[in-house]
Amino acid sequence: MKPEIHPVYPASRVTCMCGNVVETKSTRGSFSVEICSNCHPFFTGKYKLVDTAGRIDRFRKKYGASPTSAASKKA
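Here is a short report on the structure shown in this document. Quick caveat, the model's predicted, so the values are computed rather than measured.

Once that is clear, we can look at the overall build of the chain. Along its length, the chain carries three helices and three strands. For the chain, the α and β elements follow one another from N to C terminus as β-β-β-α-α-α. Burial statistics for the chain: of 75 residues in total, 11% are counted as buried. In the chain, 2% of the contacts between residues at least 6 apart in sequence involve partners at least 24 apart. About 6,700 Å² of surface is accessible on the chain, with carbon and sulfur atoms providing 58% of the total.

Let's shift gears to the packing of aromatic side chains. A complete count under the given rule lists one aromatic pair for this structure. With centroids separated by 4.8 Å and ring planes inclined at 50°, the aromatic side chains of Phe59 and Tyr63 adopt a geometry described as tilted. Here the residue Phe59 and the residue Tyr63 both occupy positions in helix α2 (residues 52-63), the gap between them amounting to four residues, near one helical turn. One cation-aromatic arrangement involves Arg28 over Phe31; the distance from NZ or CZ to the ring centre is 4.0 Å.

Structurally, Ser26 can be placed in the loop between β2 (21-25) and β3 (31-33). Judged by relative accessible area, which is 14%, Ser26 ranks as buried. In terms of polar contacts, Ser26 uses its side chain to reach the backbone amide nitrogen of Arg28, at 2.9 Å. For Ser26, the contacting residues outside a window of four places in its chain are Tyr9, Pro10, Ser12 and Phe31.

Reading across the sheet, the three strands line up as β2-β1-β3 and stay open at both edges, with mixed pairing between neighbours. Single-partner strands in this sheet number two, and they are β2 and β3. This sheet shows a mean twist of 30° between the axes of neighbouring strands, independent of strand direction. In terms of strand pairing, strand β1 (residues 11-16) meets β3 through three bridges, oriented parallel. Looking across to β3, one finds that Val14 is bridged to Phe31.

Analysis parameters
Residues numbered from 1 in each chain as written. Predicted model: local features only at pLDDT ≥ 70, side-chain atom pairs only at ≥ 80, totals over all residues. Heavy atoms only, no water. Helix = DSSP H or I, 4+ residues; strand = E, 2+ residues; numbered from the N terminus. Buried < 20%, exposed > 50% of the residue type's maximum accessible area, 1.4 Å probe, protein only. Contact = heavy atoms within 4.5 Å. Areas by Shrake-Rupley, 256 points an atom, 1.4 Å probe, with all protein chains shown as cover. Phe/Tyr/Trp six-rings, centres within 6.5 Å; stacked < 30°, edge-to-face > 60°. Lys NZ or Arg CZ within 6 Å of the ring centre and 35° of its normal. Polar contact = N/O pair within 3.5 Å; in protein donor to acceptor, adjacent residues only side chain to side chain. Pairing = 2+ DSSP bridges. Axes fitted to C-alpha atoms, helices over the stretch in contact; angles between N-to-C directions.

Written as structure tokens, this is what we have:
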């Protein structure tokens, strides 16, 4: 393999909203996630309410869509 062509691959921390921290290596660096394998319903077998309303609000805020403008376009 050629030297000095590979990206930097430092240690990083992936932090979940539930408080779980995973130590790994990544070119991205440290970051946070909303759901991990420690709290995801598929892996735990328990139902957990996911904040989809917050996700929708963030999407509308980011892209400028509002519920009233969408309703007025339909009418």
